Amino acid sequence: MIKIIDSETLSPISSAKLVLTDNPHQPFYTDDQGKIILTETGNLSFYIEAFQYQIVTETLSANESTKTITMIPDNKIIGNIVITASSTGIKRIKDTPILIQIISGTKITESGFTGIQDALMNEIPGMNFQKVGFGTDINVAGLDARNILFLIDGEKLTGEMAGNLDYQRFNIHSIDHIEIIKGASSILYGSMASGAVINLITKKTDQKFSFTAGVRYGERNQKNYKNPKKSDFLYMYEKNVDKPNLQSWISMGSNLGKVTLQTDIQYTSTDAYYLFQSGYDEKTFRKNPEIGLMQDTVVRSYIERPPLGIEGDEFVNISQKIYYDPLENLHFQAYGTYFFMNTYDLIQDLIFNQTEDFSGGFKADYTFKNIGQLSASIHTDHYKRFKRHERIDEQKKLYDSKLLQPRLKFTSRYFNKHEFTLGIEQNVEKLISDRFGRKGTLTERESKEIETYIQDEYSGVNNTKIALGLRTSYNELFGTNISPKFSVKYDLTDELGLRFNYASGYRIPTIKEKFFDWDHLGMFQIVGNPDLKPEKNNYFSLSTEFQSNGIFINFNAYANYFRDKIEGVWRVFEFQYNFEYQNLNKSNIRGFDVLGKGKINNSFGINWSYSYVNVSKTNGVQLNTASPHNANIQFEYSFKRQNYNLKASLSTNLIGAKKFNVQDKLMINSKPTDTYFEVDLPTYSMTNLVVNQTFYNHYKLTLGADNIFNYKPSLLGAGVSMFNIPATPGRRVFVQFEYKF
């Protein structure tokens, strides 16, 4: 018999789930007294999870008849968290050779975030999202979205723009947890994973019936039109750019024995707003005698820059998963998602953007007794973009992207102390777009790639875990590439461990990087390069972590050496900006991260992180726009009584100053000359306050304020540097209510 209790109140925890490591498909649940009677015998290894508690891993020896286990309220420590998707079996983070960071879904929803961007920025050292006029841009450790692989339950997505997805597609209320692997450390993921892998693991109910519903209402960003009238010619435009900041969601699940159902629905609308510049543009061109520029030169504009419009949107996410377990060793899953979004810009042209996405797939797992597990899956994603007329029932397709990915994987622990993984997958991507030529006609392009991988995780050396593997990639245009990867974890003591990682990365040019040729309203041109070569990199990292008595500290130093790195560079051609893709000869990135979590006492906790990154220059010019310094700090307070929980959080995200260069034309000796002006953007910070209360374990009320010090950028930046300006309307308060059955 096992009894499970709260570590602070010592009260029993009901409905906690206990899962045996050797038989994860038949869980046990505690009764009202927090007790479980196990039917299994012998030496048992298992983990326990419960709502609003940290996961616990434990063992029960054959000679133990009873055991009492305490569980710590959620988000106090992270070392014993169990992962299921970043590796091939159930294991603790502490036991993995690869450095993995975990964010729990409970923490995301309790923090009052509306999207995945804010959640990741507050948790991952060095990650920065910036919403600009054409969408959202991401950067982590000096790399942009083209080197960051986003997955949902291990499945890829299509429909990126300059590597960036519609991040609204991620329903944060359906997330169980997020697994982050920084650097090209994991052999299990291929192209686009040289910067980071961010894997969102969605919920699967383990109850006969579960139901959660909630609503969040935030203060309006900006009221642009007070009383729009239906008789107005621009009525639809005026109404749509003033949408409320509203989000609602429903999550339902049912475990019927052999069949489990999970449904998640989310609706969101956001308010469009303008950013205004308080001064005139200035461009500083540094002294460069080679081109005749004999002194620093400042060029000032005496024309006020127009405001920068940040679009609003309205979207819905619907997902359905069905699990069927006909036998103990045979499991099936079918799933499908639908996403639809209207994007309302602040251009009065009677046109707005629409996005539609369907994704789905089928998975099957069969376990051969004492041999291993065979997994087969097929996944597809179909993403489309349209232009929609506000007054006429007319829709024009602009973009149609399709992804098909069949996969086969075999995992075996047949050999003692070894865990082998072998896999093969194919990626077929088709893209139809009007942006492959200036005539605006729809054109189709296709890319095919076959990848295989093999990995062995060995634990036969005392206090040491080793992962060694190879991944091969074959593309019909670029041939075969082989990428080796190696990771080792060594535990000096139970509290202190060391990790070393080496990985050889490889990324082929995307369809867009090769073939795009698109003029954006005469403002700038995106130009592809059909002669691009694949980029390759060698990634090294050395990390150490310490955990004891509720304190967790991790230090990770890394270096990423690129050859033929594919980079988008802003250039001026005939006085128009062009965004051109090219291969850089070399690009080196070095840096380190520090992550800490701990308890001051039973009520107070602190989480903090700091990231430093240095990106090499190209021919003496700094083209990379990453900030060298980033930091996060979060103070937490918790108060718990019977039928009442309170959690308060004050968090600050600090983005350091950054300098980079943008090419422009300058008249030197009465002749237009290519040169670079220097962009110098100041440090800024965002601070959020959230107070969360839970009543009777069913009702949750959250009050909060985003950006409480009301930061707004004072300058929008000269030229294309505006794409690196943080977009925020200032301080906004919100209220959120959630009911859990």
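A. Just the overall build of the chain, in detail. For the chain, the count of helices and strands is 4 helices and 46 strands. The C-alpha radius of gyration of the chain comes to 26 Å, within 12% of the 27 Å expected for a compact globule of 741 residues. Dimensions of the chain, computed from the C-alpha atoms along their principal axes, are close to 90 × 60 × 50 Å. Within the chain, the fraction of its 741 residues that count as buried is 54%. If you take every contact in the chain between residues at least 6 apart in sequence, the share linking residues at least 24 apart comes to 62%.

B. Here's a closer look at the pattern of salt bridges. Applying the stated criterion across every chain yields a total of 38 salt bridges. Its salt-bridge partner being Arg 169, residue Asp 357 comes within 3.0 Å of it at the nearest N-O pair. In this pair, Asp 357 is assigned in strand S26 (residues 351-368) and Arg 169 in the loop between strand S14 (148-152) and strand S15 (175-182), connecting sequence segments 188 residues apart. For Asp 357, a relative accessible area of 2% translates into the label buried. Put simply, Asp 381 and Arg 169 hold a salt bridge, and the shortest N to O gap is 2.8 Å. One end of the pair, Asp 381, is in strand S27 (residues 372-389); the other, Arg 169, is in the loop between S14 and S15, with 212 residues separating them in the sequence. An identical accessibility class is assigned to Asp 381 and Arg 169; each is buried.

C. Region of interest: the environment of Leu 261. Mapping Leu 261 onto the fold places it in strand S19 (residues 259-269). Assessed through its relative accessible area of 32%, Leu 261 is described here as partly exposed. Sequence separation between Leu 261 and Tyr 324 is 63 residues, and the spatial gap between their C-alpha atoms is 9.0 Å. Among residues more than four places away in sequence, those in contact with Leu 261 are Thr 205, Met 252, Gly 253, Ser 254, Gln 320, Lys 321 and Ile 322.

D. Structural view of the pairing of strand S30 (residues 443-458). Bridge count between strand S29 (residues 418-433) and S30: 16 bridges; the pairing is antiparallel. Bridged to His 418 within S30 is Tyr 458. Pairing of S30 with strand S31 (residues 464-475), which is carried by 10 bridges, proceeds in the antiparallel orientation. What sits directly across from Tyr 458, in S31, is Ile 466. Counting the residues that bridge the hairpin from S30 to S31 gives 5 residues, and of these Asn 463 lies at a positive phi of roughly 60 degrees.

E. The arrangement of the sheet that holds strand S1 (residues 2-6) in detail. Across the sheet, 3 strands lie side by side as S4-S1-S7; this open sheet has mixed pairing. Only two strands of the sheet have a single partner each, and these edge strands are strand S4 (35-36) and strand S7 (67-71). When S1 meets S7, the two strands line up parallel, connected through 5 bridges. The partner of Asp 6 across the bridge, within S7, is Met 71.

F. Structural detail: the sheet that holds strand S21 (residues 282-285). Taken together, 4 strands build an open sheet; the order of strands is S22-S21-S43-S42 and the sheet is antiparallel. If you trace the sheet from one side to the other, it starts and ends with strand S22 (297-300) and strand S42 (658-668), each paired once. In this sheet, neighbouring strand axes are inclined to one another by 35 degrees on average, regardless of whether the strands run parallel or antiparallel. Sheet topology note: the S42/strand S43 (residues 671-681) ladder contains 11 bridges and is antiparallel.

G. Just the side chain of Lys 321, in detail. The residue Lys 321 is located in strand S24 (residues 312-327) in this model. This buried residue, Lys 321, is left without a salt bridge; Asp 153 holds the nearest opposite charge, at 4.2 Å. There is a polar contact of 2.5 Å between the side chain of Lys 321 and the side chain of Thr 202. At 2.5 Å, the side chain of Lys 321 forms a polar contact with the backbone oxygen of Lys 203.

So, how was this worked out
- Residues numbered from 1 in each chain as written.
- Predicted model: local features only at pLDDT ≥ 70, side-chain atom pairs only at ≥ 80, totals over all residues.
- Heavy atoms only, no water.
- Helix = DSSP H or I, 4+ residues; strand = E, 2+ residues; numbered from the N terminus.
- Rg over C-alpha atoms; globule rule 2.2 N^0.38 Å.
- Buried < 20%, exposed > 50% of the residue type's maximum accessible area, 1.4 Å probe, protein only.
- Contact = heavy atoms within 4.5 Å.
- Salt bridge = Lys/Arg side-chain N within 4 Å of Asp/Glu carboxyl O.
- Pairing = 2+ DSSP bridges.
- Axes fitted to C-alpha atoms, helices over the stretch in contact; angles between N-to-C directions.
- Lys, Arg positive; Asp, Glu negative; His and termini not counted.
- Polar contact = N/O pair within 3.5 Å; in protein donor to acceptor, adjacent residues only side chain to side chain.

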